[in-house]
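Coordinate inspection notes
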Amino acid sequence: MSEHNHVVNKEGELALNKVDDALNRIDEERKDEILNSFNEFKSYLRKRIELAQNIGLNEEAIAVAAEKVAGYLAKQEEPRNAEEKLLRELWNAGNKEQQHALAHMLVGMAKS
């Protein structure tokens, strides 16, 4: 896959405009695996956070990416369990600042 398809380029810069495309490239079967179980979702998120840290992204950049992913999930995916339903309700009830704080909390939860 060429670099133009990646969310992070070789300089370690985050391309938020490519997040939706990256999420859309996950096949439906894999997406179901990730989203059907909240524990699997947290595990998937934790692995992505570790990868982001390994390539040098700081906590704020990771939270901004998590915010973009959360926005995508809230708009594009139906919640598959009670935890996802709660997260969607919290996301939709919050303003931009609150959504950013929730993204930070999701990152912290996945890391612990």
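Preceding block: the structure.
These numbers come from a predicted model, not from an experiment.

Comments concerning empty space enclosed by the protein
Taken as a whole and assessed by the stated rule, the structure comprises one cavity of 30 Å³ or more. Estimated volume of the largest cavity: approximately 260 Å³. Taken together, 17 residues form the lining of the largest cavity, with Phe41, Ala70, Leu73, Ala74 and Leu87 sitting closest to its centre.

Examining the layout of surface pockets
Empty pockets left among the atoms are what a rolling probe the size of a water molecule brings to light. If you add up the space inside the second largest pocket, you get close to 170 Å³. Along its surface, the second largest pocket is lined by Asp20, Glu67, Lys68, Gly71, Tyr72, Lys75, Gln76, Trp91, Lys96 and Gln99. The set of elements that each furnish at least two residues to the lining of the second largest pocket consists of helix H4 (59-76) and helix H6 (96-111). In terms of residue count, H4 provides more of the lining of the second largest pocket than any other element does, six residues in total.

Notes on the side chain of Glu67
When you line up the elements, Glu67 lands in helix H4. Separated by 2.6 Å, the side chains of Glu67 and His100 make a polar contact. When residues no more than four places from it in sequence are discounted, the contact partners of Glu67 are Trp91, Lys96, His100 and Ala103.

Looking at the nonpolar core
Ranked by size, the top nonpolar core spans 19 residues in total, and within it Phe41, Ile49 and Ile62 carry the most contacts. The dominant element in this core, judged by the number of residues it contributes, is helix H3 (residues 38-54), at six residues. Apart from the residues lying within four places of it in its own chain, the contact partners of Phe41 are Ile34, Leu35 and Leu73. Counting residues in hydrophobic clusters, the runner-up holds five residues, among them Ala70, Ala74, Leu102 and Leu106.

Details of the environment of Phe41
For Phe41, the position within the fold is in helix H3. In sequence terms Phe41 and Lys31 are ten residues apart; their C-alpha atoms lie 9.5 Å from each other.

Rules behind the numbers
- Residues numbered from 1 in each chain as written.
- Predicted model: local features only at pLDDT ≥ 70, side-chain atom pairs only at ≥ 80, totals over all residues.
- Heavy atoms only, no water.
- 1 Å grid on protein atoms, 1.4 Å probe; cavity = no way out; pocket = protein on both sides within 12 Å on 5 of 7 lines; lining within 4 Å.
- Points joined across faces, edges and corners; volume = space filled by probe spheres on them.
- Helix = DSSP H or I, 4+ residues; strand = E, 2+ residues; numbered from the N terminus.
- Polar contact = N/O pair within 3.5 Å; in protein donor to acceptor, adjacent residues only side chain to side chain.
- Contact = heavy atoms within 4.5 Å.
- Core = buried A, V, L, I, M, F, W, Y, C linked by side-chain atoms within 4.5 Å.
- Buried < 20%, exposed > 50% of the residue type's maximum accessible area, 1.4 Å probe, protein only.

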